[in-house]
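As a plain string of letters, each chain reads:
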Amino acid sequence: MRFSKQQQQFESFLTDKLKGKVKLYATVHRKAHDQPSKLWITYHQQEILRADDLAFQVYVNRQYEEKTVNLARIPYNENWAIMMQSEERQALVNISDQIEQEAVAQGLYPAWWFYQALAIFYTLSIEDALCHEHPIIQALAMLDRRLGKRKLTILKPQHLLVEKFHALRCEVEGIRVLYSS
């Protein structure tokens, strides 16, 4: 799907009070290897969410270098299956997965994660979007026109990104919310 179509679809889900104020943008670095991209959402021209392949990968690569410097390398074997099943490789894979989870917990998202969230979000009911495991999907649900004020007032966001979007929606709806964290 072309990005302009995704923008239209995104804006069609926004509540009336956010239309024209919340915008979705994207850029692709076409001359870079693998054409990394960046997506971001703004509210009154202020960035409120960013998913950036380059920033994500730089963070992951630096952390991986630091955390694996003293680990044993995968022993060479002519049989690749043995190498792929080695304990040393499994330790490196586990560290890589852990670093990616840490990056997401800190609010560093890869653009493909955002694209995936958008594609899933458009197919979900509002109830399913609110309880989805993906924090970007939950955050997008806070801006959704299908989310009523009554439901909005009783929600208790568990993720910082979702809390940020919840506070924004409450602000435009004139709902006062206090967070414990």
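Small disclaimer: the values here were computed from a predicted structure and weren't measured. All residue numbers refer to position in the chain's written sequence, counted from 1. Under the rules for a predicted model, residues below a pLDDT of 70 receive no local features and side-chain atom pairs below 80 are neither given nor counted, while totals for whole chains, interfaces and linings still include all residues. Just so you know, side-chain values use all the structure's heavy atoms and leave hydrogens and water out.

### A closer look at the packing of helix α5 (residues 111-121) against helix α7 (residues 135-142)
Right, so step 1: Note on definitions: angles span 0 to 180 degrees between N-to-C directions of axes, and those axes are lines fitted to C-alpha atoms, for helices only across the stretch in contact. The way it works is that DSSP assigns letters per residue, a run of H or I at least four long becomes a helix, a run of E at least two long becomes a strand, and they are numbered from the N terminus. Packing of α5 against α7 brings their axes to within 9 Å, and their N-to-C directions diverge by 55°. Viewed along their axes, α5 and α7 adopt a mutual orientation that is oblique. The handedness of the crossing between α5 and α7 is right-handed. Residues W113, F114, A117, L118, I120 and F121 of α5 form the contact with α7, whose own contacting residues are P135, I136, I137, L140 and A141.
Right, so step 2: Residue polarity follows a fixed list, in which Ala, Val, Leu, Ile, Met, Phe, Trp, Tyr, Cys and Pro are nonpolar, Asp, Glu, Lys and Arg are charged, and the others, Gly among them, are polar. Its residues assigned to classes, the contact of α5 with α7 shows 11 nonpolar, no polar and no charged. When describing relative orientation, an angle under 35 degrees is termed roughly parallel and one over 145 degrees roughly antiparallel, while 65 to 115 degrees is termed roughly perpendicular and anything else oblique. The sense of a crossing depends on the near helix, which, turned anticlockwise from the far helix by less than a right angle, makes the crossing left-handed and, turned clockwise, makes it right-handed. Residues are treated as being in contact if the distance between any of their heavy atoms lies within 4.5 Å.

### Focus on the layout of surface pockets
Right, so step 1: Considered as a void within the structure, the largest pocket measures approximately 210 Å³ in volume.
Right, so step 2: In terms of lining residues, the largest pocket is bounded by 16 residues, among which L49, Q106, G107, Y109 and L161 are the most central.
Right, so step 3: Those elements that provide at least two residues to the lining of the largest pocket are β3 (46-52), α2 (53-68) and α9 (160-173).
Right, so step 4: Among the elements that make up the lining of the largest pocket, the one with the highest residue count is β3 (5 residues).
Right, so step 5: For the lining of the largest pocket, the residue count by class is 10 nonpolar, 3 polar and 3 charged. We place a 1 Å grid over just the protein atoms. Points where a 1.4 Å probe fits but has no way out form a cavity, open points with protein on both sides within 12 Å along at least 5 of 7 lines form a pocket, and any residue with an atom within 4 Å of a point lines it. Grid points are joined across faces, edges and corners, and a volume is the space filled by probe spheres set on the points.

### Focus: empty space enclosed by the protein
Right, so step 1: All told, the structure shown has 1 cavity of 30 Å³ or more when counted by the stated rule.
Right, so step 2: Volume-wise, the largest cavity comes out at about 40 Å³.
Right, so step 3: Of the residues assigned to the lining of the largest cavity, the class counts are 6 nonpolar, no polar and no charged.

### Some points on the pattern of salt bridges
Right, so step 1: A side-chain nitrogen of Lys or Arg and a carboxyl oxygen of Asp or Glu constitute a salt bridge if their distance falls within 4 Å. What the rule picks out here adds up to 7 salt bridges.
Right, so step 2: A salt bridge links E47 to R50, with the shortest nitrogen-to-oxygen separation between them at 2.9 Å.
Right, so step 3: When the shortest N-O distance is used, the salt bridge between E173 and K149 registers 3.8 Å. Of this pair, E173 sits in helix α9 while K149 sits in helix α8 (residues 149-154), and the two are 24 residues apart along the sequence.
Right, so step 4: Burial status follows relative accessibility: with a 1.4 Å probe on protein chains alone, a residue under 20% of its type maximum counts as buried, one over 50% as exposed, and anything between as partly exposed. Classification of E173 by relative accessible area gives buried; the value is 11%.
Right, so step 5: Through salt bridges with shared partners, a single network forms among K17, K149, R169 and E173.

### Focus: the packing of α2 against helix α4 (residues 87-105)
Right, so step 1: Where α2 meets α4, the axes come as close as 9 Å, and the angle between the chain directions of the two elements is 135°. Between α2 and α4, the interaxial angle falls into the category oblique. Crossing hand, α2 versus α4: right-handed. Listed contacts from α4 to F56, Y59, V60, Q63, Y64, K67 and T68 of α2 are L92, I95, S96, Q98, I99, E100, E102, A103 and V104.
Right, so step 2: When the residues that make up the contact of α2 with α4 are grouped by side-chain class, the tally is 9 nonpolar, 4 polar and 3 charged.

### With respect to the sheet that holds strand β1 (residues 22-28)
Right, so step 1: Across the sheet, which stays open at both edges, the 3 strands sit in the order β1-β2-β3 with antiparallel pairing between neighbours. A single partner strand is all that each edge strand has here, and the edge strands are β1 and β3. Put simply, the sheet's adjacent strands are angled 20° from each other on average, direction ignored.
Right, so step 2: Judged from the 7 bridges that link them, β1 and strand β2 (residues 37-43) form a sheet pairing that is antiparallel. Paired strands are those between which DSSP finds at least two bridges.

### A few points about the pairing of β2
Right, so step 1: In terms of burial, β2 is largely enclosed, as 7 of its 7 residues are buried.
Right, so step 2: Burial along β2 is two-sided: the face carrying S37, L39, I41 and Y43 and the face carrying K38, W40 and T42 are both buried.
Right, so step 3: The sheet contact formed by β2 and β3 spans 6 bridges and is antiparallel. Each residue of the ladder has a partner; that of T42, found in β3, is E47.
Right, so step 4: In this antiparallel pair of consecutive strands, β2 and β3, the connection spans 2 residues, and H44 shows a positive phi of 50°.

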